[in-house]
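As a plain string of letters, each chain reads:
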Amino acid sequence: MTTCVVVRKDDQIAIAADSLVTFGDTRLSHAYETNEKIVEINGSYLSLSGSTAHFPVMKKLLADMDDECRLGSRDEVFDTFTRVHQILKDKYFLNVKEEEDDPYESSQITTLIANPHGIFGVYSYREVFSFDRFWAIGSGKCFALGAMYAAYERESCAHAIAEIGVHAGAEFDKNSALPCRTISFPMKR
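Just so you know, these numbers come straight off a predicted model, no measurement behind them.

Engineer: What's the story with empty space enclosed by the protein in this structure? I'm lost.
Structural biologist: Gaps left between atoms show up when a probe the size of a water molecule is rolled over them. Overall, the coordinates contain 1 cavity of 30 Å³ or more when judged by the stated rule. Estimated volume of the largest cavity: approximately 40 Å³. Mapped onto the lining of the largest cavity, the elements with two or more residues apiece are strand S6 (44–49) and helix H1 (54–64). Looking at the lining of the largest cavity, the element that brings in the most residues is H1, giving 4 residues. A class-by-class count of the residues in the lining of the largest cavity yields 6 nonpolar, no polar and 1 charged.

Engineer: Hey, could you run me through the nonpolar core in this one?
Structural biologist: A general trend in soluble globular proteins is that nonpolar side chains are found buried together. If you look at the biggest cluster of nonpolar residues, it comprises 22 residues, and the most contacted ones within it are Leu-46, Met-58, Leu-62, Val-77, Phe-81, Val-84 and Ile-113. Within the residue set of this core, elements represented by two or more residues are strand S5 (38–41), S6, H1, helix H2 (74–92) and strand S8 (118–122). Those residues in contact with Val-84, other than ones at most four positions away along the chain, are Met-58, Leu-61, Leu-62 and Met-65.

Engineer: Looking at this structure, how should I read the sheet that holds strand S10 (residues 134–137)?
Structural biologist: Sheets are built from strands that pair by backbone hydrogen bonding, the pairs being arranged parallel or antiparallel. On the basis of which strands lie adjacent, the open sheet formed by 4 strands has the order S10-S1-S2-S11 and antiparallel pairing. Two strands bound the open sheet, and with one partner strand each, they are S10 and strand S11 (181–186). Strand-to-strand twist of the sheet, defined as the mean angle between neighbouring strand axes without regard to direction, takes the value 10°. As defined by bridge partners, strand S1 (residues 4–9) adjoins strand S2 (residues 12–17) across 6 bridges and the pair is classed as antiparallel. Bridging across to S2, Val-5 finds its partner in Ala-16. Running over the sheet, helix H3 (residues 141–152) touches S1 and S10 and is turned about 165° from S10.

Engineer: Just checking my understanding: could you explain the packing of H3 against helix H4 (residues 158–172) for this structure?
Structural biologist: For any two helices packed against each other, one specifies the inter-axial angle together with the distance between the axes. The contact between H3 and H4 brings their axes to 7 Å, and the two run at 140°. The element H3 and its partner H4 pack so that their crossing is right-handed. Taken together, the residues of H4 that come into contact with H3 (itself represented by Phe-143, Ala-144, Ala-147, Met-148, Ala-151 and Tyr-152) are Ile-161, Ala-162, Ile-164, Gly-165, Ala-168, Gly-169 and Phe-172. Split by residue class, the contact of H3 with H4 holds 11 nonpolar, 2 polar and no charged.

Rules used in this analysis
Residues numbered from 1 in each chain as written. Predicted model: local features only at pLDDT ≥ 70, side-chain atom pairs only at ≥ 80, totals over all residues. Heavy atoms only, no water. 1 Å grid on protein atoms, 1.4 Å probe; cavity = no way out; pocket = protein on both sides within 12 Å on 5 of 7 lines; lining within 4 Å. Points joined across faces, edges and corners; volume = space filled by probe spheres on them. Helix = DSSP H or I, 4+ residues; strand = E, 2+ residues; numbered from the N terminus. Nonpolar A, V, L, I, M, F, W, Y, C, P; charged D, E, K, R; others polar. Core = buried A, V, L, I, M, F, W, Y, C linked by side-chain atoms within 4.5 Å. Buried < 20%, exposed > 50% of the residue type's maximum accessible area, 1.4 Å probe, protein only. Contact = heavy atoms within 4.5 Å. Pairing = 2+ DSSP bridges. Axes fitted to C-alpha atoms, helices over the stretch in contact; angles between N-to-C directions. Left-handed = near helix turned anticlockwise from the far one by under 90°.

Printed below as a string of structure tokens:
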């Protein structure tokens, strides 16, 4: 799994992620592969949680969407990920079933998005959230959320808060590990 976080504080935004990949009981650390968990698409940064198969698929799919990949608002993220879901089914053979009584087909992906317009989360049924302060996904999310909550008021910048979150996930979650990659930038006014 992973620890991925997004943070918004004052006029700064940050996204950060750990670098460990796991296959069952096997750990593939940064020493053996780059394990970049943050990708840049059209001025937005995305990080995913779930199967490692999602990373190359989503990177290619979103890049191929060109101008149709719009992630600047909650509504744009929803529209884009609705199109993404259909492409995942048609082109990449996504298995859409989780539980028998699911209300919608699942995209099987949890994503965090950071760009100059804000920080967003997308869940498997295309639920989109626009966060005001911070959020985390992955197996280390509870540790990250607690650490970022404790640090948010005392730290002055989003970059530092994001790193605190990922470091907490890496410290306590068996499926997360350093190094941490953090990207920060100013928010658009």
